[in-house]
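# Reading the structure
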Amino acid sequence: MLTYSLLAGLLFGLYFSLIGLGLNLIFGVMRIVNLAHGDFLMLGAFLAFWLFTLFAVNPVPAVAIAFAVFVAAGLPLYYLLVPRLLRAKDPEMLSFILFFGLSQVIEAVTTIAFGTSERSIPGDQLGRAVAAVVSVFTGHKAETGPVELLGQTFPAAWVVSGIVSGAAVLLIYVYLYRTRLGYLTRAVMDNREEAIATGIDVQRISAVAFGIGLGLAAAAGVFAPFMLGSITPAMGGEITVTSFAVIVIGSLGNPLGTVFGGVIYGISYMLMQSYYSSWANLLPYVLLIAILLLRPSGLLGRQVRRA
Amino acid sequence: MIRLSIFALLVMSAATIGAQAADAPAEIKLGTLYASSGRYASISMPVHYGLKLWIDQKNAEGGVYVKAFDKRIPLKLVAYDDQSSTATAATLYNQLITQDKVDILIADSGSVLTSVAVPIARDHKMLLIDQTGTGAAFFTPDNPYIVLMADPVSSIWPKPLTDFLTHDGPGLGIKRIAMLYATNDFTGTQANSIRKFITESNSGIEFVFDQGVPTETSNYTVLLNNIRASNPDAVLHLGYASNDIAFLRNVQDSGIKFKFLFSIYPGIETELLERNLGGKALNYVFTYVTSADLAYKAEFGMSLKEYSDAWHKKYADAHVEFGFNAIAGYTTGLVLEKALGVAPSLDQLELRKAIFSLSGGLKTLDGTFELDANGGQIGELTPIGQFVPDEGDKPKLVTVWPHELAGGKPIYPRP
């Protein structure tokens, strides 16, 4: 029971790392809180649902499609909303209001388009993707059912989402630490004013980061029907709160801290479900309060706020 | 002298009739809430649409007959969106009573959103027309301001399930039960009742797993592993529609095949669950058989087929599935229609008396409307059924309990 809870927590936590990554990237670069983050995840989920229902597109390629679509959508959205916001006296506080409004609009429009009921993608779809990959490497037909991991059996969707989340974290790491755009992004994260002074095109860097942030949320959304049971237009708010807890646990503004926060959240959640199930949903709030009291800068301890 | 007396009598009668007509309101205000978003939207919107369908039908006929004024009076629906939030719902229930001054107060669907209306209605001495809020704690001898319309009260709802388990279970080999439930008034009460009925039955059945989870739970993989480790003969999962979708999906994805699996919503919102899980996920699942599957002989209002046709015609593009909750909203309307037809005034306690007078005698597409002394619904009980695959491998619900209604034998253990 303990081993299963720990492994399940690791996979679940990796998924929440993916969810929190985009939110933290946007906060790190722009110092704004995207309260519509969960709604962009929900839109990614509905995109995958729509692609599957209308064109039978498997969720695995849908991850790449969702990422590309939302990066592309994020760029104009950035120029529409964020530069004006950043010119305000208190952009951090105003971002709460702006993105809360955006969240409401997104939820309302999605409700009109898709209705209020739960929607989902058949659970075996990710299993089929795993089986197809295994077949390519082994040369014989593979089972589409659950996957065995270190002697424990998990739904294929969990393993695929864990792998994709791990890969996304790795790619973000490579982007931030091994590409020119990444260096510039980190420079902006470190000190926006100094970055402007050194001639960095901060708007362009921020727009790309904003787009990637939304793309990551949408990519995480593709796995939502598998990891969170089903999707509804109203799911965004809860996701935003949990992902906010995850990034605060890791460290606000530090994308790699998000991985740490996600894994701690995932493992703690699964242990709570095993041993004190009635209280499991209190966990993000308890962790959030504990971190804010004991280590306000997050577990990785990078001070990002300038009071 | 006699002529004069007759003339005086006629004048008085005319004056009385005139006064009555003048007193009659231009419309009867029905106040209700619905959740167009959030966790309870999928159980709230069908109920709301069912009620609206009844109102539109009655208004098309010129209104509903109100005995208190001896005439048909149009209905006006005052409805607000609580977005599945109990805090918002509490404010809006107050608004319906104090600002809109509705004649009839109708709760939103489900126990969670009804729970906040119970004390508010009681404080304002308004009769709460409780559509589907089945929590047993709502119905107490000291509160005359509530009646349950369309679902059995949760304290007796699971009785057919526990009767089946305690009578047929041991013979089938069911001795060890695992129960997982969402901790809210609806399923929490059902879990308590199941525990009580099974313990009192002395059938030798024991609980090997008995845990509650928050209603917001959307992931059951670890819990399923723990249930499997307890090696149960039967698994009972009690939750709302979103809980059942997540739970059954996790069962399917984990490749676990419990010998016996009971879940509430496959029978209540079959269309919704099939849409989310695919038909095969429901095969061999036990559930409540509701009036959406059992075509009760309706002595008042539309039959199941007529209502289903009317629903699908009216709400073809509404993205709201037809199921037991859709029937519940319409049933609420039918009960109100009958009650307004016999109530001598719109006084709240007179209305309650009128609704109680229908108990045991009103038969709608939802079965026999019957109330206990506290206003809890005890007539519209749901038998137990099991989904079995038909020739096309599609799930078909077969009633297995009670025996007199059974259309087949339970398949245990599941293949």
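Residues numbered from 1 in each chain as written. Chains lettered and ligands numbered in written order. Predicted model: local features only at pLDDT ≥ 70, side-chain atom pairs only at ≥ 80, totals over all residues.

Residue and element names in this part refer to chain B. For chain B, the assigned domains are domain 1 (25–153 + 294–369) and domain 2 (159–290 + 382–405). For domain 1 and domain 2, the distance between their C-alpha centres works out to 29 Å. Counting from both sides, the interface comprises 18 residues of domain 1 and, opposite them, 16 residues of domain 2. Elements that contribute at least two residues to the side of domain 1 that touches domain 2 include exactly α2 (41–60), α4 (111–115) and α14 (324–340). The leading source of residues in the side of domain 1 that touches domain 2 is α4, at 3 residues. Looking at the side of domain 1 that touches domain 2, its residues break down into 8 nonpolar, 8 polar and 2 charged. (Domains from an automatic or database assignment. Contact = placed C-beta atoms within 7 Å. Helix = DSSP H or I, 4+ residues; strand = E, 2+ residues; numbered from the N terminus. Nonpolar A, V, L, I, M, F, W, Y, C, P; charged D, E, K, R; others polar.)

Next up on the list: the interface of chain A and chain B. Many descriptions give the size of an interface as the accessible area lost when the pieces come together. Counting residues at the interface gives 35 residues for chain A, matched by 37 residues for chain B. Counting only elements with at least two residues in the side of chain A that touches chain B, the list comes to α1 (2–30), α4 (91–114), α6 (156–178) and α11 (255–275) of chain A. Taken together, the residues of the side of chain A that touches chain B sort by class into 15 nonpolar, 17 polar and 3 charged.

Take the sheet that holds strand β7 (residues 146–148) of chain B next. Residues and elements named next belong to chain B. Reading across the sheet, the 5 strands line up as β4-β1-β5-β6-β7 and stay open at both edges, with parallel pairing between neighbours. Bordering the open sheet on either side are β4 (75–81) and β7, each of which pairs with just one other strand. Between one strand axis and the next, the sheet turns by 25 degrees as a mean value, whatever way the strands run. Note: strand β1 (residues 28–34) against β4, 7 bridges, orientation parallel. (Pairing = 2+ DSSP bridges. Axes fitted to C-alpha atoms, helices over the stretch in contact; angles between N-to-C directions.)

Residue and element names in this part refer to chain B. Taken together, the buried positions of helix α15 (residues 348–357) are Leu-351, Arg-352, Ala-354 and Ile-355. Buried positions in α15, seen along its axis, are confined to an arc of 160 degrees and lie on one side of it. Those residues of α15 that are buried lie in contact with β7 and α14. (Buried ≥ 20, exposed ≤ 12 C-beta atoms within 10 Å, placed from the backbone. Arc of directions from axis to C-beta.)

Moving on to the nonpolar core. Grouped together as the largest cluster of nonpolar side chains are 219 residues, with contacts concentrated most on Leu41(A), Ala218(A), Leu105(B), Ala121(B), Leu128(B) and Ile129(B). If you tally residues by element for this core, the top one is helix α9 (residues 202–227) of chain A, at 18 residues. Two domains share this core, each providing at least three of its residues, namely domain 1 (25–153 + 294–369) and domain 2 (159–290 + 382–405) of chain B. Here Leu105(B) is in contact with Gly31(B), Leu96(B), Ile97(B), Ala121(B), Met126(B), Leu127(B), Leu128(B) and Ile129(B), once residues within four sequence places are set aside. (Core = buried A, V, L, I, M, F, W, Y, C linked by C-beta atoms within 7 Å.)

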